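Observations on the model geometry
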Amino acid sequence: MKVILDQDKCVASGQCVMAAPEVFDQRDEDGVAILLNDSPSEAGTEDVQHAASVCPALAIRLSA
Amino acid sequence: MNQENLVPLRYPLSAKGALEPPAEWAELRERCPVARVRLPSGDEASLLTRYDDVKMVLSDPRCTRRLDAEDAARISESESGGVFNAPMATALYSAGQQRWRMMLTKWFTAKRVNALKPGIVAMTDRLVDEMIESGHPADIKARVGFPLPVWVICDLLGVPDTDRDRFARWSDMMLNLTRYGQTEIDAAEAEFGAYLTAHLDMKRADPGEDLLSSLLTATDADGAGLTDIQLVATGQALLVAGHETTANMIGKMLAMLLSERRRWERLVADPSLVRTAVEEALRFDANPGFGMPRYVEQNIEVAETLLPRGTTVVCSMAAANRDENTFAGADEMTLDRSPNPHLAFGSGPHSCLGQSLARTELQTVLEVLLRRLPTLELAVPAEELRRVEGLVVGGLRELPVRW
Ligand code: HEM
Ligand code: SF4
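Everything in this summary refers to the structure shown in the same document. This is a predicted model, so every value here is computed, not measured.

1. Some details on the interface of chain B and chain A
Chain B puts 22 residues into the contact, and the matching count from chain A is 19 residues. For the pair chain B and chain A, the summed buried area comes to about 1,700 Å², and 51% of that belongs to carbon and sulfur atoms. Area buried by chain B at its contact with chain A is led by Ala110(B), Lys111(B) and Arg275(B), which between them contribute 24% of it. Between Lys111(B) and Asp28(A) there is a salt bridge, with its nearest N and O atoms 3.4 Å apart. Seen at the junction of chain B and chain A, the total is six residue pairs in polar contact (both at pLDDT 80 or more).

Now the structure itself:
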């Protein structure tokens, strides 16, 4: 699975970091999300799907 | 019957029990997704109840929070329209909402909030200790739900512990459009403003590790900082936005879990469900208060209905959170529901800045109570729980428990 993060859309809510801390972090200056790993392993899939679904800005897309 | 309910519904809608949704929600979602409503002021607005519509309008830049526009509907009889267009909101928006938000977000990132967690656990333990000491039955809303969020915000603002009670009182008064008169509300606002101004002077002389100390010297990308008026308004905004909302949600969450005690028992048996249970409580909350009003600045179309410029819409996030098209078994409280993209914190660029903090407070209360008081139960039948009178934030007047 590939994770695509649109930083222009991100509203820095931190929900992705709460949901999948291995895959997302937030920049210290402005809280905008950053991707730590754009191709997480099988084991992380569920957390990442959760992150994408709770992102209030719809800034996270997943592709196969 | 889209938009064709000829007589506008009186809004807010009423519901039977304190934990029950208004009977109209399901029908409105089904048949009248854009409904005419009459607000307490007598003005008319359009009510949205479907998930997709509410989500779209909340994040659409054509729908703004300019509720002070001349033709915008007023919410209540009170002159100021309450927190939706209080002077402090105006002061903040003069700073540019996006700019202001950018300067604050770093205080509310997941990392920061995680760092606050041990402190929040300690505060919660202390409140629970004190409650246990005074014995049961106890009103857990007054003992834990109400003080905790104020304590957390005071900490964030670098306010000393000894002033927490004054903060709680100001917050209570500023939000209670019905319980207090306008003169009392204005007086509380002035007193609170004067306190914060003095507090800022102190922080300027002797900066601490808190949010206000850091904002005193912080600048945005263009090198501009916040004025004193904007800093005072920031303190007020955080208290108003973060206290009553979280306090009431703690009460309602516990009430939902305890009113059907097998829900509580399931959590006692498996505390790893706390995270999803908190999200589900946020989604399932049938009594969240007014909803979010928006002012339509350019014609938009919602559910095949034209909403002309100048319309005031009210987004009912709680009705949207029960939309069967988005949530299977929407009228069931499912403690392990996932994913759970509820709208309790709004959506889009204005969505709740404090949501990580709020989630952490809710999770902590639940974790501490499951650990300390697994035998917790309601001390009155659920039917006897009463809603608070206030207009903006919904909640329970009290939540008597024993253990
Ligand atoms: C369970 C508790 C809470 C709920 C249900 C809640 C809900 C909301 C909602 C619905 C909005 C408006 C979204 C919109 O206009 O579209 C909002 C905005 C906001 N909330 Fe919360 N909130 C809670 C707790 C908190 C806390 C603890 C804080 C901070 C201490 C906070 C700070 C804010 C701020 C600053 C805004 C305005 C954001 C902006 O204008 O960009 N909230 N909240
Ligand atoms: S959840 Fe979405 S909006 Fe929030 S920080 Fe992550 S990417 Fe940004």
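There is more to say after this.
2. Some thoughts on the site of ligand 1
All names here are of chain B. For ligand 1, the set of nearby residues contains 25 residues, the closest of which are Arg65, Gln97, Arg101, Arg294 and Cys352. In this structure, arginine 65 approaches ligand 1 through a side-chain N or O atom, which is 2.6 Å from an oxygen atom. Within the backbone of alanine 241, one N or O atom sits 3.4 Å away from a nitrogen atom of ligand 1. Counting residues per element, the ones that place at least two in the shell around ligand 1 are α4 (97-105), α11 (228-242), α12 (244-259), β6 (292-296) and α16 (355-372). Looking at side-chain class alone, the shell around ligand 1 contains 15 nonpolar, seven polar and three charged residues.

3. Observations concerning helix α13 (residues 261-269) of chain B
Because an α-helix packs 3.6 residues into every turn, residues spaced three or four apart end up facing the same way. Residue and element names in this part refer to chain B. Of the residues making up α13, those classed as buried are Arg263, Trp264 and Leu267. Along α13, the residues classed as buried sweep out an arc of 95° about the axis, all on the same side. Facing away from the buried surface of α13 by more than 90 degrees, the exposed residues are Arg262 and Ala269. In this structure, the buried side of α13 is in contact with α12, α14 (274-284) and α16.

4. Digging into the environment of Ser14(B)
Residues and elements named next belong to chain B. As for its placement among the helices and strands, serine 14 is situated in the loop between β1 (9-10) and α1 (24-31). Along the primary structure serine 14 and asparagine 287 are separated by 273 residues, whereas in three dimensions their C-alpha atoms are 9.7 Å apart. Each residue touching serine 14, except ones within four places of it in the same chain, is listed here: Pro22 and Glu24.

5. Remarks on the packing of aromatic side chains
Residue and element names in this part refer to chain B. Counted according to the given criterion, the structure contains seven aromatic pairs over all chains. Here tyrosine 51 and phenylalanine 327 contribute two aromatic rings whose centre-to-centre distance is 5.6 Å and whose plane-to-plane angle is 85°, an arrangement assigned as edge-to-face. Of this pair, tyrosine 51 sits in helix α2 (residues 51-59) while phenylalanine 327 sits in the loop between α15 (317-320) and α16, placing them 276 residues apart in sequence. In this structure tyrosine 51 comes out as buried when scored by relative accessible area, which is 5%. Phenylalanine 327 gets classed as buried once you look at its relative accessible area, which sits at 2%. On the basis of an interplanar angle of 35° and a centroid distance of 5.1 Å, the ring pair of tryptophan 170 and phenylalanine 192 is categorised as tilted. A residue pair is termed long-range when its members are at least 10 positions apart, and tryptophan 170 in helix α8 (residues 164-175) and phenylalanine 192 in helix α9 (residues 182-205) qualify at 22 residues. Among the aromatic residues, those joined into a cluster by ring pairs are Phe167, Trp170, Phe192 and Tyr195. Stacked on the ring of tryptophan 107, the Lys or Arg arginine 112 has its end atom at 4.1 Å from the ring centre. One cation-aromatic arrangement involves arginine 164 over tryptophan 151; the distance from NZ or CZ to the ring centre is 4.1 Å.

Reading the values: the criteria
Residues numbered from 1 in each chain as written. Chains lettered and ligands numbered in written order. Predicted model: local features only at pLDDT ≥ 70, side-chain atom pairs only at ≥ 80, totals over all residues. Heavy atoms only, no water. Contact = heavy atoms within 4.5 Å. Buried area = accessible area lost by both parts, 1.4 Å probe. Salt bridge = Lys/Arg side-chain N within 4 Å of Asp/Glu carboxyl O. Polar contact = N/O pair within 3.5 Å; in protein donor to acceptor, adjacent residues only side chain to side chain. Near = heavy atom within 4 Å. Helix = DSSP H or I, 4+ residues; strand = E, 2+ residues; numbered from the N terminus. Nonpolar A, V, L, I, M, F, W, Y, C, P; charged D, E, K, R; others polar. Buried < 20%, exposed > 50% of the residue type's maximum accessible area, 1.4 Å probe, protein only. Arc of directions from axis to C-beta. Phe/Tyr/Trp six-rings, centres within 6.5 Å; stacked < 30°, edge-to-face > 60°. Lys NZ or Arg CZ within 6 Å of the ring centre and 35° of its normal.

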